[in-house]
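Examining the three-dimensional arrangement
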Amino acid sequence: MIRDIHGVQRLRNAVGEMSDEDFAKIEAEIPQFRNAYEAWYSECLPVLKQLLPDRLDDFKRQYEKAKIARAPTLKPM
């Protein structure tokens, strides 16, 4: 699990009732999404290649950066 900006409440719901101190310990062990994204993505690729090879391209398209179309330029005559 990777924490994101909305994940604290989801994590609290997932772990159920516990003290704030215990929850803080669990939360501290989960990496921030911004810092762990690249490693997470890199680890997922080989797993998906083995388990769901027909969906690998879909996964890559979902997470790759959007390509920005360049505006056409006009050359003077």
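**A few points about the overall build of the protein**
Broken down by element type, the protein carries four helices and zero strands. Beginning at the N terminus, the succession of helices and strands in the protein can be written as α-α-α-α. The buried share among the 77 residues of the protein stands at 14%. The long-range share in the protein, meaning contacts at least 24 apart out of those at least 6 apart in sequence, stands at 38%.

**What about the pattern of salt bridges?**
One pass over the full model with this rule turns up three salt bridges. A salt bridge links K25 to E21; the nearest nitrogen and oxygen atoms lie 3.8 Å apart. Of this pair, K25 and E21 both sit in helix 2 (residues 20-29), four residues apart, which is roughly one turn of the helix. Among the residues examined, E21 registers a relative accessible area of 55% and is labelled exposed. Among the ionic pairs, D58 bridges to R61, the shortest N-O distance being 2.4 Å.

**Section: the packing of aromatic side chains**
What the rule picks out here adds up to one aromatic pair. Relative to F59, the ring of Y41 lies with its centre 5.4 Å away and its plane at 10 degrees, an arrangement referred to as stacked. Of this pair, Y41 sits in helix 3 (residues 33-51) while F59 sits in helix 4 (residues 56-63), and the two are 18 residues apart along the sequence. In this structure F59 comes out as buried when scored by relative accessible area, which is 13%.

**A short note on the confidence of the model for the protein**
Any residue range with low pLDDT should be treated as having predicted coordinates unsuitable for detailed reading. Within the protein, residue pLDDT values average 78, and 73% of them lie at 70 or more. Within the protein, helix 4 carries the highest mean pLDDT (86), whereas helix 1 (residues 7-15) carries the lowest (77).

**Points about a nonpolar patch on the surface**
Residues V47, L51 and L52 make up a contiguous nonpolar surface patch of roughly 290 Å² in combined accessible area. Assignment of secondary structure puts L51 in helix 3.

**Some remarks on the environment of L11**
Inspection of the secondary structure puts L11 in helix 1. Between the alpha carbons of L11 and I26 there is a distance of 9.3 Å; along the sequence they are 15 residues apart.

Rules used in this analysis
- Residues numbered from 1 in each chain as written.
- Predicted model: local features only at pLDDT ≥ 70, side-chain atom pairs only at ≥ 80, totals over all residues.
- Heavy atoms only, no water.
- Helix = DSSP H or I, 4+ residues; strand = E, 2+ residues; numbered from the N terminus.
- Buried < 20%, exposed > 50% of the residue type's maximum accessible area, 1.4 Å probe, protein only.
- Contact = heavy atoms within 4.5 Å.
- Salt bridge = Lys/Arg side-chain N within 4 Å of Asp/Glu carboxyl O.
- Phe/Tyr/Trp six-rings, centres within 6.5 Å; stacked < 30°, edge-to-face > 60°.
- pLDDT = per-residue confidence, 0-100.
- Patch = residues over 30% accessible without salt bridge, like charges linked within 9 Å, V, L, I, M, F, W, Y side chains within 5 Å.
- Areas by Shrake-Rupley, 256 points an atom, 1.4 Å probe, with all protein chains shown as cover.

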